[in-house]
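# Examination of the molecular architecture
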Amino acid sequence: MRLIIQKTPTQVARWTARYIVEQIKQKEKYTPSPFVLGLPGGMTPLETYRELIRLYRAGEVSFANVITFNMDEFVGLPVDHPQSFHTYMWSNFFSHVDVRPEHVHLLDGGAEDPVKECADYEARMAEVGGIDLFLGGVGEDGHIAFNEPFSSLTSRTRIKMLAPETIEAYARFFGGDASLVPHRVLTVGVGSVLAARKVLILAVGRRKARAVYHGIEGPYNHKWTISALQTHPNSMIVCDEEATEQLRVGTYRYFKESEKDNLLP
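The structure presented is a predicted model; accordingly, all values stated were derived computationally and were not measured.

Turning to helix 3 (residues 85–92), its buried residues number three or more, namely Phe 85, His 86, Tyr 88 and Met 89. Down the axis of helix 3, the buried set is contained in an arc of 165°. They therefore lie on one face. Among the structural elements, strand 2 (35–39), helix 2 (46–57), strand 3 (66–70), strand 4 (72–74) and helix 5 (164–170) are those in contact with the buried residues of helix 3.

Written as structure tokens, this is what we have:
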């Protein structure tokens, strides 16, 4: 695992966006096959999306040969609901770059058969050759995607009940009313994320420091699903200084030193 420590959330976004662009360009050098990118919703990646849009407008990257798969969607929200992840992604990213609509994959929270929707989603990821890079965030309780504490670490795309803490956290997007937040979601599983060739998790702010600690120093366990990254050969957490506050001093120094001269993409 790599831990990339940047001073501020803005620097986290810039580093991450540059990394994604470089990954897209590297694949273009060797194959005409599309780059397959997994994407999250939520507040944390917004600045990264803005930076990707800036780089696209500057002519530094094209998303025309990029296929995307989003992590999750609320059950019961129509695609045009202002708080659906469909709306979020098109408003904050897709409509600002040259990604092809047919290359965009989002779970349908209004599907008549949600079990089939999840199975079909897994099949579509496999059909395109798997995910090259899965970008994600982490919850304060250490969940990745909507794999709440005690989720199976080998799980695949499925229906999940949200934890009360997660419902409360999302209430701010629903006028502060937690009763309006759907209690069920469709989400890729921990196993779905780990099947990607590379995984990059964002963590900013001291409220994410406990999750970063458990992801880096804690044991591999299903209470903190971020800990599953420990078993992935190409995983990384990109965080700001505040998110490292619960790490041991020696751990912090180790990763700062090891990344100082790291030339790996």
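Let us now look at the pattern of salt bridges. The full count for this structure, using the stated rule, is 14 salt bridges. Across the salt bridge formed by Arg 18 and Glu 60, the nearest N and O atoms sit 2.4 Å from each other. Highlighted residues: Arg 18 in helix 1 (residues 9–30) and Glu 60 in the loop between helix 2 and strand 3, separated in sequence by 42 residues. With a closest N to O distance of 3.9 Å, Glu 241 and Lys 256 form a salt bridge. Taken together, the residues Glu 241 in the loop between strand 10 (235–240) and helix 8 (249–260) and Lys 256 in helix 8 connect sequence positions 15 residues apart. With relative accessibility at 26%, the residue Glu 241 sits in the partly exposed group. The class of Lys 256 is partly exposed, set by a relative accessible area of 32%. Through salt bridges with shared partners, one network takes in Lys 27, Asp 132 and Arg 197.

Attention now goes to the layout of surface pockets. Approximately 820 Å³ is the volume attributed to the largest pocket. What lines the largest pocket is a set of 34 residues, and nearest its centre among them are Val 138, Gly 139, Glu 140, His 143 and Lys 208. Here the lining of the largest pocket gets four residues from one element, more than from any other, and that element is helix 5. Class assignment of the residues belonging to the lining of the largest pocket gives a composition of 16 nonpolar, eight polar and ten charged.

Following the sequence through the fold, Leu 107 ends up in the loop between strand 5 (104–105) and helix 4 (114–127). Put simply, Leu 107 and Val 185 are 78 residues apart on the chain and 9.6 Å apart in space, counted from C-alpha to C-alpha.

Within the fold, His 143 resides in the loop between strand 6 (133–137) and strand 7 (158–161). On the basis of relative accessibility, which here comes to 10%, the residue His 143 falls in the buried class. Polar side-chain contacts of His 143 include one of 3.2 Å to the side chain of Glu 148. Residues contacting His 143, with those up to four places away along its chain left out, are Gly 137, Val 138, Glu 148, Thr 166 and Thr 225.

Reading guide: rules and limits
Residues numbered from 1 in each chain as written. Predicted model: local features only at pLDDT ≥ 70, side-chain atom pairs only at ≥ 80, totals over all residues. Heavy atoms only, no water. Buried < 20%, exposed > 50% of the residue type's maximum accessible area, 1.4 Å probe, protein only. Helix = DSSP H or I, 4+ residues; strand = E, 2+ residues; numbered from the N terminus. Arc of directions from axis to C-beta. Contact = heavy atoms within 4.5 Å. Salt bridge = Lys/Arg side-chain N within 4 Å of Asp/Glu carboxyl O. 1 Å grid on protein atoms, 1.4 Å probe; cavity = no way out; pocket = protein on both sides within 12 Å on 5 of 7 lines; lining within 4 Å. Points joined across faces, edges and corners; volume = space filled by probe spheres on them. Nonpolar A, V, L, I, M, F, W, Y, C, P; charged D, E, K, R; others polar. Polar contact = N/O pair within 3.5 Å; in protein donor to acceptor, adjacent residues only side chain to side chain.

Honestly, that's just the spatial picture; any functional story needs more than this.
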